[in-house]
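Architecture and fold: a report
Below are the chains, spelled out letter by letter.
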2 protein chains.
Amino acid sequence: MTVTIYDVAREAGVSMATVSRVVNNNPNVKPQTRKKVFEAIERLGYRPNAVARGLASKKTTTVGVVIPDIANANFAEVARGIEDIANMYHYNIILCNADMRKDKEIRVINTLLEKQVDGLLFMGGTVTDEHLQAFNTSNVPIVLCATTDEKGNMPSVDIDHEGAAFDAVTKLIGEGHRSIAMISGTLKDPAIGYARFQGYKRALEKAGIPYREDFVRVGNYKYESGIEATQYFLELSDRPTAIFAATDEMAIGAIHGLQDAGIAVPGQVSVISVDNSRMASMVRPQLTTVAQPMYDIGAVSMRLLTKLMKKESVENARVTLPHELVQRQSVAGAKA
Amino acid sequence: MTVTIYDVAREAGVSMATVSRVVNNNPNVKPQTRKKVFEAIERLGYRPNAVARGLASKKTTTVGVVIPDIANANFAEVARGIEDIANMYHYNIILCNADMRKDKEIRVINTLLEKQVDGLLFMGGTVTDEHLQAFNTSNVPIVLCATTDEKGNMPSVDIDHEGAAFDAVTKLIGEGHRSIAMISGTLKDPAIGYARFQGYKRALEKAGIPYREDFVRVGNYKYESGIEATQYFLELSDRPTAIFAATDEMAIGAIHGLQDAGIAVPGQVSVISVDNSRMASMVRPQLTTVAQPMYDIGAVSMRLLTKLMKKESVENARVTLPHELVQRQSVAGAKA
DNA sequence: CTGTTAGCGCTTTCAT
DNA sequence: ATGAAAGCGCTAACAG
């Protein structure tokens, strides 16, 4: 039925150990023997059983990554960064989607740990005590990627969300805007939603612009919620001249919400956001936004994880990658 | 160090077999014993080792899915369908991205098979002889999902790409268009690129419109290539009045390429495509497109796979799901 | 350079 | 209802 290492050994006239050696590229095998074994493998169509290997060696050479939402382009980009580095270090990666649901995140973490991954990458999403608890039961290294824990105890790679939001809003202020509304993500999410909201407030404060509650709407990071929030702003007697959206997707919603109401962007209202996803160029006017280096976040966090898995010492286990304003066409100066 | 089933057995004062039974929900355990075991598990923080279990039982309750491009929203949607059904049947799924590269697809298939998945879903992408060869070495069921093999020998779930393209172009013709250009995907891909191209040709033919080679440009399914193709069409002395793009993303590129050149959509040129991705509503004018039931493709293929894994008999192992025209704002009648 | 021999942690007959 | 024991397929000392 299934051909095992034992079958190969018999076919090649050597011991299992020798077959194991050639399969694992152990140099201590005579070239001639190696050849014999390879031939036997070929002849029998032998495929090593990774499960048995994992049990015997206590290593699976695979790292698990939990991705909060597979449909989110940003996370996809992070995943690409992870993969490229993982391949470089000969790790397999198994992706598990958590569908934006906390219970599923916890379940997926446990599943991955049961599967004996050699390390875990937890991407995006809020890190609650429950998460921490699940992480604690693990004896493999875990790094947070595109998120952080509030306590700051875990290795992580992220950007400075508060600072990115601050820079975006400051850009608007620099263009002369004083009536700046925000379409926020959920404030319950400390890692992203709340941090970006804080950046908005700080930029206002620094410029001496009073904070107005009616200038903030909470969306769900999605396009439709950007439209809805914008429609709300348009009903205000005192309309904003600029909108800061916490994500590109909501910003595109804002642009369309504005345009559908016959308002020119950026002629009458400017729009800015944070992300610089691929979509930012796929809208007219093209979106001015603060870029997050998603690919790098993935790459750096995977690199960090490899070090941790090899028990190498790491200088700094909490890295913050720089962000940067990308100017396109959705921001213009405020009318005097 | 790591706590094993043996530790739990000792702690609870029972045998390994009994612990195994309660962990696996075997009814043949006295409630009282069950309770004792659960307490021991709790006290020790026992987590079953899926690798050991997999080796002993020769089942991993996980299915591998290879996804050609994690950044593609359509595939993400298929993946969601897969997941929902997998959860329902208590299978874990592990996603492996193949980065649109054939060699990586083959490698990933082999990795998954080595990991002893109980079944495999191969999503999108062309199925070559090399693929078939890799599939053949497997003794677990495999189903193609959002693609098919040319020979038609493998279980698969897909839509009728040729028919979808035919319907899209026919819609244009119904609106009075006769100068219809196409932005195709690569013709090398029989499952999608070529099939949609064939649909375009057949619709033209049926309407008695001669096929013109200069009205077809091959793109790479991406936004930018949609723009480029459109710019090419605009340079023609004899411009098309409508553009059929093989994917939404290229269609959005077409819309913007047109608008950037000062051409009204759909006023002067109509645009239609196939996909109905989320993006179709995230553009102005909103895109008229033929919907593919991506989620259902995922769900149905996973369901099919569960049947195959349980060795249930299946009536039809090659299913084609229906498509449907979704009318939005990017198509208008041809000027008389 | 190669073979022997214990396990890795769990499931699964087979007894009892 | 429970336990004993034989593996699952492979790796990793250890010995030679």
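Just so it is clear, the model here is predicted, and its values are computed rather than measured. (Residues numbered from 1 in each chain as written. Chains lettered and ligands numbered in written order. Predicted model: local features only at pLDDT ≥ 70, side-chain atom pairs only at ≥ 80, totals over all residues. Heavy atoms only, no water.)

**Details of the state of the cysteines**
One pass over the structure, following the stated rule, counts 0 disulfides over all chains. In this structure Cys145(A) is not part of a disulfide, and its nearest cysteine sulfur, from Cys96(A), lies 14 Å away. Exposure remark for Cys145(A): the relative accessible area of 1% places this residue in the buried category. Residue Cys96(B) stays outside any disulfide, its sulfur separated by 9.7 Å from that of Cys96(A), the closest cysteine. Given a relative accessible area of 9%, Cys96(B) falls into the buried group. (Disulfide = S-S within 2.5 Å. Buried < 20%, exposed > 50% of the residue type's maximum accessible area, 1.4 Å probe, protein only.)

**Focus: the packing of aromatic side chains**
Residue and element names in this part refer to chain A. Taken as a whole and assessed by the stated rule, the structure comprises 12 aromatic pairs over all chains. Judged by centre distance (5.6 Å) and plane angle (70 degrees), the rings of Phe-122 and Phe-135 are edge-to-face. Here Phe-122 is found in strand β3 (residues 119-123), whereas its partner Phe-135 is found in helix α7 (residues 129-136), with 13 residues between them in sequence. Residue Phe-122 shares its accessibility class with Phe-135, and that shared class is buried. Where Tyr-232 meets Phe-233, the ring centres are 5.6 Å apart and the plane angle is 65 degrees; that geometry is what we call edge-to-face. Above the plane of the ring of Tyr-211 lies Lys-201, whose end atom (NZ or CZ) is 5.1 Å from the centre. (Phe/Tyr/Trp six-rings, centres within 6.5 Å; stacked < 30°, edge-to-face > 60°. Helix = DSSP H or I, 4+ residues; strand = E, 2+ residues; numbered from the N terminus. Lys NZ or Arg CZ within 6 Å of the ring centre and 35° of its normal.)

**A few points about a nonpolar patch on the surface**
On the surface, Leu187(A), Tyr194(A) and Val218(A) cluster together into a nonpolar patch covering about 250 Å² of accessible area. If you trace the backbone, Leu187(A) turns up in the loop between β6 (180-184) and α9 (190-206). (Patch = residues over 30% accessible without salt bridge, like charges linked within 9 Å, V, L, I, M, F, W, Y side chains within 5 Å. Areas by Shrake-Rupley, 256 points an atom, 1.4 Å probe, with all protein chains shown as cover. Salt bridge = Lys/Arg side-chain N within 4 Å of Asp/Glu carboxyl O.)

**Thoughts on the domain arrangement of chain A**
Looking at chain A, the domain boundaries give domain 1 (5-48), domain 2 (60-159 + 294-323) and domain 3 (161-291). The gap between the C-alpha centroids of domain 1 of chain A and domain 2 of chain A is 36 Å. (Domains from an automatic or database assignment.)

**Some words on the pairing of strand β9 (residues 270-275) of chain A**
Residue and element names in this part refer to chain A. Counting buried positions along β9 gives 6 out of 6 residues, so the element sits mostly inside the fold. What you see with β9 is no split at all: Ser-270, Ile-272 and Val-274 on one side and Val-271, Ser-273 and Asp-275 on the other are buried throughout. Where strand β8 (residues 242-245) lies against β9, 4 bridges are found, and the strand directions are parallel. Residue Phe-244 lies in a different strand from β9, and its bridge partner there is Ile-272. (Pairing = 2+ DSSP bridges.)

**Things to note about the packing of helix α8 (residues 161-174) of chain A against α9(A)**
Residues and elements named next belong to chain A. Contact geometry of α8 with α9 gives a least axis separation of 7 Å together with a crossing angle of 40 degrees. With respect to their mutual orientation, α8 and α9 come out oblique. In terms of crossing hand, the pair formed by α8 and α9 is right-handed. Counting all contacts with α8, which are made through His-161, Glu-162, Gly-163, Ala-165, Phe-166, Val-169, Thr-170 and Ile-173, the residues of α9 involved are Ala-191, Ile-192, Ala-195, Arg-196, Gln-198, Gly-199, Tyr-200, Arg-202, Ala-203, Leu-204 and Lys-206. (Axes fitted to C-alpha atoms, helices over the stretch in contact; angles between N-to-C directions. Parallel < 35°, antiparallel > 145°, perpendicular 65-115°, else oblique. Left-handed = near helix turned anticlockwise from the far one by under 90°. Contact = heavy atoms within 4.5 Å.)

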